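The residues making up each chain are set out below.
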Amino acid sequence: MKPTLNEILGTDYPIIQGAMANIASGAFAAASSNAGALGIIAAGGYRPEQLEEEIKIAKSLTDKPFGVNLMLMHPDMDQLADIVAREHIPFLTTGAGNPAKYMDQWKAAGCKVFPVVAAPVLARHLERSGADAIIAEGCESGGHVGEMGTMTLLPQVCDSVSIPVIAAGGIADHRQYLAAKALGACGVQLGTVLLTSEECPIHDNYKAALLKAKGTDTVVTGRIAGTPVRVLKNKMTREYIRQEKAGATREELEHFTLGSLRRAVFDGDTTEGSLMAGQTCGQLTKISRLSDIFHEIIYGKEPL
Ligand SMILES: Cc1cc2nc3c(=O)[nH]c(=O)nc-3n(C[C@H](O)[C@H](O)[C@H](O)COP(=O)(O)O)c2cc1C
């Protein structure tokens with residue numbers, strides 16, 4: 001019999017806390033692991049020495065397993081790859097490319113590698129490169145997105161590979177968890193729904209904007225420049241899209257958004273900041289503890 005995701009991860013719930021650059025710190029990953037899911041430190045916004053520090057913090061706050069997410073286009077990627085191998089991080093999720101170059105190094109260190117994919121053809125390719133599981137992320141999700149929705153992506157990825165598939169994108173309650181299972185996933189990765197957790201270290205203004213948002217209040221910026229990112233609509237996104245349509249170059253757009261995620265996360269700037277969020281923002285009604293969110297997603301609401 002195939003092992004369950006809980007058996008693979010050593011968790012209580014078949015849930016991975018999705019990486020969120022500048023948000024999913026060592027403390028947040030430890031809180032997710034302590035609440036029964038697999039916590040993930042997002043290395044995307046860190047320099048190598050910061051990642052080392054966040055790993056140290058996570059280790060001091062939990063005895064449970066946690067993982068690290070690596071964005072493969074990170075300028076210090078080789079150094080980050082060395083750190084996670086040296087620290088024997090048991091689970092690595094990867095984004096923005098093919099981790100084949102690091103596979104031997106990570107496997108020798110005992111790391112399991114779960115690439116995030118937005119297209120079935122890439123899943124097949126990564127299985128051949130040695131991936132241990134695939135995280136199939138539909139474009140309902142917050143952050144960087146592909147073209148396919150979870151409903152179409154997930155069964156096609158499941159049919160393409162024989163390793164476990166974890167669903168991401170558009171999952172914020174028990175119904176969506178059951179749908180992901182029905183489509184072939186062995187578990188789920190969550191992002192947006194965790195932004196309004198008590199433990200999430202984003203500014204209160206960001207949380208308030210999420211609680212107010214409807215499902216149609218997100219937009220994908222960067223489709224033309226080839227860097228599509230789903231965020232809450234605000235003054236910044238309107239100006240970004242205006243510049244994009246006017247023919248701004250990728251460099252000009254990158255310059256325009258420089259530091260915008262940090263402005264939202266740390267300064268609570270909801271007009272000029274980049275409030276990354278997925279379409280499940282329309283389902284968020286209250287600030288909840290991580291343990292309650294995870295329990296509700298797997299088991300549903302307690303009957304009244
Ligand atoms: C604010 C935010 C930041 C994110 N940053 C990253 C990241 O650094 N690396 C990554 O692989 N995925 C990132 N993601 C994607 C999440 O890990 C997760 O797969 C996604 O949010 C799941 O879809 P959902 O938002 O519909 O729950 C981010 C998502 C959000 C909402």
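Residues numbered from 1 in each chain as written. Predicted model: local features only at pLDDT ≥ 70, side-chain atom pairs only at ≥ 80, totals over all residues. Heavy atoms only, no water.

A.B. asks: For this particular structure, what's the right way to read the packing of helix α4 (residues 77-86) against helix α5 (residues 100-108)?
C.D. replies: Angle between the axes and distance between the axes are the two parameters that describe a pair of packed helices. Running from amino to carboxyl end, α4 crosses α5 at an angle of 25 degrees, the nearest separation of the two axes being 9 Å. Put simply, α4 runs roughly parallel to α5. Here α4 runs over α5; the crossing is right-handed. Across the interface between the two elements, M77, D78, A81, D82, V84 and A85 from α4 touch K101, Y102, Q105 and W106 from α5. (Axes fitted to C-alpha atoms, helices over the stretch in contact; angles between N-to-C directions. Helix = DSSP H or I, 4+ residues; strand = E, 2+ residues; numbered from the N terminus. Parallel < 35°, antiparallel > 145°, perpendicular 65-115°, else oblique. Left-handed = near helix turned anticlockwise from the far one by under 90°. Contact = heavy atoms within 4.5 Å.)

A.B. asks: Even after reading the chapter, I still don't get the packing of helix α3 (residues 48-61) against α4, so can you show me in this structure?
C.D. replies: Relative orientation of the contacting elements α3 and α4 amounts to 20 degrees, with a least axis distance of 9 Å. In this view, α3 runs roughly parallel relative to α4, as classed from their interaxial angle. Read as a crossing pair, α3 and α4 show a hand that is right-handed. Where α3 approaches α4, its residues P48, L51, E52 and I55 are matched on the opposing element by Q79, L80, I83, V84 and R86.

A.B. asks: Where do I start with the sheet that holds strand β9 (residues 187-190) in this structure?
C.D. replies: To summarise the sheet geometry, strands pair through backbone hydrogen bonds and adopt either a parallel or an antiparallel arrangement. Overall, parallel pairing links the eight strands, which are arranged β1-β9-β8-β6-β5-β4-β3-β2 in an open sheet. Two strands lie at the open edges of the sheet, namely β1 (15-17) and β2 (39-42), each paired on one side alone. On average, adjacent strands in this sheet sit at an angle of 25 degrees to one another, irrespective of strand direction. The pairing of strand β8 (residues 165-168) with β9 spans three bridges and is classified as parallel. When the bridges of β9 are listed, A167 appears paired with V188. (Pairing = 2+ DSSP bridges.)

A.B. asks: Please explain the domain arrangement of the protein chain as it appears in this structure.
C.D. replies: Domain parsing of the protein chain yields domain 1 (11-201 + 285-299) and domain 2 (204-280). For domain 1 versus domain 2, the distance between C-alpha centres works out to 22 Å. Across the boundary between the two partners, domain 1 contributes 27 residues, which contact 18 residues of domain 2. At the boundary of domain 1 with domain 2, total buried surface from both sides reaches about 1,700 Å², with 60% on carbon and sulfur atoms. The interface formed by domain 1 and domain 2 holds one salt bridge in total. The shortest N-O distance in the salt bridge between E147 and R223 comes to 3.6 Å. Taken together, the connections running from domain 1 to domain 2 amount to nine residue pairs in polar contact (both at pLDDT 80 or more). For the side of domain 1 that touches domain 2, the secondary structure elements donating two or more residues are β7 (143-144) and α9 (192-195). (Domains from an automatic or database assignment. Buried area = accessible area lost by both parts, 1.4 Å probe. Salt bridge = Lys/Arg side-chain N within 4 Å of Asp/Glu carboxyl O. Polar contact = N/O pair within 3.5 Å; in protein donor to acceptor, adjacent residues only side chain to side chain.)

A.B. asks: How do you make sense of the nonpolar core when you look at a structure like this?
C.D. replies: In summary, soluble globular proteins display a tendency toward joint burial of nonpolar side chains. If you look at the biggest cluster of nonpolar residues, it comprises 77 residues, and the most contacted ones within it are L51, V68 and W106. It is α4 that contributes the most residues to this core, six residues altogether. Beyond its immediate chain neighbours, meaning those up to four positions away, V68 contacts I40, I41, A43, L51, I55, V84, I89, F91, L92 and T93. Among the nonpolar cores identified, the runner-up in size contains 12 residues, and L38, A133, I166 and A168 belong to it. (Core = buried A, V, L, I, M, F, W, Y, C linked by side-chain atoms within 4.5 Å. Buried < 20%, exposed > 50% of the residue type's maximum accessible area, 1.4 Å probe, protein only.)

A.B. asks: How do you make sense of the side chain of S32 when you look at a structure like this?
C.D. replies: On the secondary structure map, S32 appears in helix α2 (residues 26-34). A relative accessible area of 0% places S32 in the buried class. Excluding residues within four positions of it along the chain, S32 makes contact with Q17, A37, G39, L290 and F294.

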